[in-house]
Amino acid sequence: MAKMTLLQILLTLLTFAVLQKLSAMDSTDLLPQRVHSPQLRYGVVSAAQDRYDSKGRLLSLSDLHAIELDVAALKSIEPQISDLVTALNSLGSGQLGDKLSLGQLRFETAPTIKFQVVAFGLGISPKWTFGIGIPFIDYENKISIREQGSNIETYKREFGGLSPALDQALGRLSVSLPEAAQSELQKKGYKPLESRRDRFAGDLQIQSLYEVSRTADRALLYKAVLNLPTGPQDDPDDLADLDVFGETAVENHLLASQQLGGLGGRWSLSGRAGYRYNLPDRPTKRVPISNETLPGPETKEQVQRQISGTAILGSSLARQLSKSWSVAVGYEYRTKDQDRYSGQRNANYNSLAAESDSTSQKSRFEVSYSSVKSYLDRQAVLPAQFSMEISDTFAGKNTPRQLLTELTLMMFY
C-alpha cells in the first residue's frame, strides 16, 4: 500500500491523578496543634486497559482504537483501489470487490501504574492543618501493533494469474500493516510505538484543612489544594506518554460529617463537594490544519489551553468497630466540560479538545487501623494509622475504568 498518511494511529491513554490525603476517607479530623504526621502511600492502578467511551460503553483500548481497513477505508488511503474493486466485482455475481479487506490494525496496550507518595502534615493550630506531598510514578505499558482478518492472500490464491494488472494491484496490498504503521510514525517524526517503563516525580500538592465549625456530633471543614506543575509535560512527539501532569490547579472543597448517635454513636455520615480549577497554560501540541490524524512536525505550536473545571461530589458512611478498627464505604462523582484551545495559525484547534469532556462514578471501600487511642491509654508503643482503600470506577464517559488499591501509613509525633 503506497499511502498511509491518513491512517488513524492514535492512542488515548488513561487520565490519572494522585491526590494526597491527610486522614481517612472523607474524614473531618484535624491534626492537634504542633503535631507532625509523616505519611507514606503506595498504590496500584489496574484495569486501565479498559475505557468508557463517549456513550458510556466499556471498551478495551484495543477495540476502541482498532482501525478497520475495509473497501471504504482503502479508497480514502489509495484512490486507485476503486479500479481493483471494479475489476473484482466483474468476476462473477458475488460483488467480491466490495468484500475486499485488509482486516483490522489493532493497537494492543496494557498500561499499569504504581505510585508512592511521600507526604507530611502539621497541625498549625487547633483549627488548621497543613500538608504537602509529592508522588513518584512507575509507569509501564506493554504496546504492540498487529493485524488480523485480512482476505488479501485468499484473493491472490483465487484470482492470481488472471491478469498482470490484477496481480500487481493485489501485490501492492500485500504489506505488513504494523511495519507500515511504524514507518509512517517515523516519517512524521513520532517516537516508535513500543513497550516502555518510566519512573518520574508527579505534580507537587499543597493542602490546607481549616475547621469552619464543630460541635459534639458534627463538623464542617474547608479544604484547599494547590497543584504545582512539577511533573513531566506532554511530549507532542510521543503518542503513548501520560499527558496528565505538569498542571497548575486549585481545588476548593467543603467537607461535612455527622455522627449518627441513634445508632450507638459508632456510625458517621460524611459528604463533600468540590471544584478543581486549572489555570490557563501554553503547552506545545501538534495542531492539524484540517482533519489529519497524524499531523507532521511542522504543525507543532505553543497553544493557549484552558482545561475545563471539574466538579466533585462524594459521600461516605463509616463504622467504628472498636477503638482501633474502622471501615467505610463511599461514592464519588466527577464531571468536566470540554477543554478549549486556541493559537495563532489557521488550524483545527478544536480537534485537540475532542472527547475531553468526561464523567466518572467511583465506589470506595476502606478499612483502617489506628493505634492513637491505644497509645494514649499507654497500650501501644507508637501512635500511627494504617489504612487500605480500594476504589473502582464503575461508570463514566471518556474516562478510564480504574481499579485503584492504596495502602497508607501515617505516623504522629
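Look a little higher up for the structure.
Keep in mind that what you see is a predicted model, and the values were worked out from it rather than measured.

## A word on the overall build of the protein
Move 1: Across its full length, the protein holds seven helices and 21 strands.
Move 2: Overall size of the protein, expressed as C-alpha extent along the three principal axes, is 95 × 45 × 35 Å.
Move 3: Here the protein displays about 20000 Å² of accessible surface, and carbon together with sulfur accounts for 55% of that area.
Move 4: Averaged over its 46 positive side-chain charges, the protein has a centre that lies 7 Å from the centre of its 46 negative ones.

## Topic: the nonpolar core
Move 1: Counting 29 residues, the largest nonpolar core has Leu100 and Leu193 as its most contacted members.
Move 2: Among the elements of the structure, helix H2 (71-77), helix H3 (81-89), strand S5 (104-125), strand S6 (128-148), helix H4 (152-159), helix H5 (164-172) and helix H6 (177-187) are those that each provide at least two residues to this core.
Move 3: Per element, the largest residue contribution to this core is four residues, and it comes from H3.
Move 4: The next biggest cluster of nonpolar side chains, apart from the first, holds 13 residues, and it includes Phe115, Ile137, Leu242 and Leu404.

## Observations regarding the layout of surface pockets
Move 1: Taken as a whole, the second largest pocket encloses approximately 1200 Å³ of empty space.
Move 2: What lines the second largest pocket is a set of 50 residues, and nearest its centre among them are Ser27, Asp29, Gln320, Lys373 and Gln385.
Move 3: Secondary-structure elements contributing two or more residues to the lining of the second largest pocket are strand S8 (204-214), strand S9 (218-228), strand S10 (249-259), strand S11 (267-278), strand S15 (310-320), strand S16 (325-336), strand S18 (358-370) and helix H7 (372-376).
Move 4: Here the lining of the second largest pocket is built from residues that sort into 21 nonpolar, 19 polar and ten charged.

## Quick look at unusual backbone geometry
Move 1: The residue glutamate 355 is not glycine, and still its phi comes out positive at about 60°.
Move 2: With respect to the secondary-structure elements, glutamate 355 resides in the loop between strand S17 (340-342) and S18.

## Digging into the sheet that holds strand S20 (residues 399-400)
Move 1: Pairing is antiparallel across the open sheet formed by three strands, whose spatial order is S3-S2-S20. Both edges of this open sheet fall to strand S3 (58-60) and S20, since each of them pairs with a single strand only.
Move 2: Pairing between strand S2 (residues 50-52) and S20: two bridges, direction antiparallel. Opposite arginine 51, over in S20, you have proline 400 as the bridge partner.

## Some remarks on the pairing of strand S19 (residues 384-397)
Move 1: The pairing of S18 with S19 spans twelve bridges and is antiparallel. Residue pairing for S19: serine 363 is matched across the bridge by aspartate 392.
Move 2: Both S19 and strand S21 (residues 403-411) contribute to a ladder of nine bridges, which runs antiparallel. Of the residues in S21, the one forming a bridge with glutamine 385 is methionine 410.

## A look at the side chain of serine 27
Move 1: Locating serine 27 in the fold gives a position in the segment before strand S1 (36-46).
Move 2: At 3.1 Å, the side chain of serine 27 forms a polar contact with the backbone nitrogen of aspartate 29.

Definitions and cut-offs
Residues numbered from 1 in each chain as written. Predicted model: local features only at pLDDT ≥ 70, side-chain atom pairs only at ≥ 80, totals over all residues. Heavy atoms only, no water. Helix = DSSP H or I, 4+ residues; strand = E, 2+ residues; numbered from the N terminus. Areas by Shrake-Rupley, 256 points an atom, 1.4 Å probe, with all protein chains shown as cover. Lys, Arg positive; Asp, Glu negative; His and termini not counted. Charge placed at Lys NZ, Arg CZ, Asp CG, Glu CD. Core = buried A, V, L, I, M, F, W, Y, C linked by side-chain atoms within 4.5 Å. Buried < 20%, exposed > 50% of the residue type's maximum accessible area, 1.4 Å probe, protein only. 1 Å grid on protein atoms, 1.4 Å probe; cavity = no way out; pocket = protein on both sides within 12 Å on 5 of 7 lines; lining within 4 Å. Points joined across faces, edges and corners; volume = space filled by probe spheres on them. Nonpolar A, V, L, I, M, F, W, Y, C, P; charged D, E, K, R; others polar. Pairing = 2+ DSSP bridges. Polar contact = N/O pair within 3.5 Å; in protein donor to acceptor, adjacent residues only side chain to side chain.

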